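Results of the structural survey
The residues making up each chain are set out below.
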Amino acid sequence: MALELSFGCAVQEKAGVSLLQWASWLREGVPHGITTRDGGVSRAPYNSLNLGDNVGDVPGAVIANRAKLGAALGDMSRPRVFPKQVHGATVVTVRDLPGRGDPPPEADALITDRTDIFIAVTVADCVPVLFLDPVRRAVGVAHGGWRGLAAGVLRNTVEAMRREYGTDPATLQAAIGPHIGVCCYEVGADVAAGFASIPRAIREDKEGRRYLNLARVARADLSSAGLDPEYVSISAPCTSCFVDAYFSLRAEGVTGRFAAIVGLADRENE
């Protein structure tokens, strides 16, 4: 049974994997989703659907988990491109199919208009954002921690889609996924100062501790990039609070990564 959430999205089980998906994107025939930590083969502390290949998990388990993700999206044979994330603002356009043994692109965002690959990022508290241009038929995905957001990774992704595909930001859609909430994301004064200009991005408690609202930062960045607020949706259970459903680096220390993934359907085969 699907668990209905806000903004037209729901967690549904497909091929044994739980995927958070947006109904409007499914109607567009866009295979996509944000995983939970359930449905995989990894053992503790990476249990169970760890999709990160650089966190200390058994490589074979990650390979099996990524194959299960492909099955959940309906295409196990389609390559899944995961970048080497560095908490920056670089956006890579995926134009070619990856070759066997090719190193992953070093970036925190990927875009493509190919219909024969999936692009993905992994997270465990940072903000995952999926992008869909239904007019030019292109997609993107970005990973935004505080460093990446401060460097402009979301704005860069929108600009890259405009440059590469002629995307109009006013018709671009974005879906913000689960991440650490303002309830749990305490930051230092230096980090807080970098986001002070964004309304209600920083919450300060009675003891003077500062907490960063990543969702407000992400929405502000997308708005400044030209997106219509009505086309920006969010499902934001706090990963630190809900470690039974999502991996959280802050709450757990050594742990796995869940993924945000998107592709385009081949219209000829629809």
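Residues numbered from 1 in each chain as written. Predicted model: local features only at pLDDT ≥ 70, side-chain atom pairs only at ≥ 80, totals over all residues. Heavy atoms only, no water.

Sheet architecture is open: 6 strands sit in the order β6-β7-β10-β9-β11-β15, paired in mixed fashion. Strand pairing shows two members of the sheet lacking a second neighbour, β6 (91-93) and β15 (232-234), which therefore form its edges. The mean inter-strand angle of the sheet, taken between neighbouring strand axes irrespective of direction, is 15°. Sheet topology note: the strand β9 (residues 127-133)/strand β10 (residues 138-144) ladder contains 7 bridges and is antiparallel. Bridge pairing links V129 to A142 in β10. (Pairing = 2+ DSSP bridges. Helix = DSSP H or I, 4+ residues; strand = E, 2+ residues; numbered from the N terminus. Axes fitted to C-alpha atoms, helices over the stretch in contact; angles between N-to-C directions.)

All right, on to the environment of N47 then. Turning to its location among the elements, N47 is positioned in the loop between β4 (32-35) and α2 (59-72). Take N47: its relative accessible area is 34%, and that puts it in the partly exposed class. On a C-alpha basis, the gap between N47 and L19 in space is 16 Å, while along the polypeptide they are 28 residues apart. If near-sequence neighbours (up to four positions away) are discounted, N47 is found in contact with R37, S42 and F247. (Buried < 20%, exposed > 50% of the residue type's maximum accessible area, 1.4 Å probe, protein only. Contact = heavy atoms within 4.5 Å.)

This paragraph deals with the pattern of salt bridges. The full count for this structure, using the stated rule, is 9 salt bridges. The salt bridge partner of D221 is R155, with a shortest N-O separation of 3.0 Å. Remark: R155 occurs in helix α4 (residues 153-165) and D221 occurs in helix α6 (residues 214-224); sequence separation between them is 66 residues. Given a relative accessible area of 7%, D221 falls into the buried group. (Salt bridge = Lys/Arg side-chain N within 4 Å of Asp/Glu carboxyl O.)

With that settled, the discussion passes to the pairing of strand β3 (residues 17-22). A large share of β3 lies buried, amounting to 6 of its 6 residues. Going residue by residue along β3, you find V17, L19 and Q21 tucked away on one face and S18, L20 and W22 tucked away on the opposite face as well. In terms of strand pairing, strand β2 (residues 9-14) meets β3 through 6 bridges, oriented antiparallel. If you follow E13 over to β3, its bridge partner there is S18. Between the end of β2 and the start of β3, which pair antiparallel, lie 2 residues, with A15 showing a positive phi angle near 55°. Looking at chain direction, β3 and β4 are connected through 2 bridges and run antiparallel.

Going from A44 to P45, the amide bond is cis rather than trans, its omega being 5°. Along the chain, P45 falls in the loop between β4 and α2. With a phi angle near 55°, A15 is a residue other than glycine that sits in the positive phi range. Tracing the backbone through its elements, the reader meets A15 in the loop between β2 and β3. You can call A15 exposed: its relative accessible area is 52%. Positive phi, normally seen in glycine, also occurs at R200, with a value near 60°.

Looking now at the environment of A259. With respect to the helices and strands, A259 occurs in strand β16 (residues 258-263). Residue A259 is classed as buried on the basis of its relative accessible area of 0%. Sequence separation of A259 and H143 is 116 residues, and the distance between their C-alpha atoms is 9.7 Å. If sequence neighbours within four positions are ignored, A259 has contacts with G33, I34, T35, L51, F82, V121 and T122.

What the 3 strands build is an open sheet, ordered β12-β14-β13; its pairing is antiparallel. Because the sheet does not close on itself, it has two edges, and the strands there are β12 (186-187) and β13 (202-204).

This brings us to the nonpolar core. Ranked by size, the top nonpolar core spans 38 residues in total, and within it F131, L154, I176, F195, L212, L222 and L227 carry the most contacts. Of all the elements in the fold, those that place two or more residues in this core are β7 (109-112), β9, β10, α4, β11 (173-176), α5 (189-194), α6 and β15. Ranked by residue count, the leading element in this core is α4, at 6 residues. Once you skip the residues sitting within four places of it in the chain, L222 turns out to touch F131, L154, V158, A174, I176, L227 and V232. Counting 27 residues, the second-largest nonpolar core is a separate cluster that includes I34, A124, L130 and F247. (Core = buried A, V, L, I, M, F, W, Y, C linked by side-chain atoms within 4.5 Å.)

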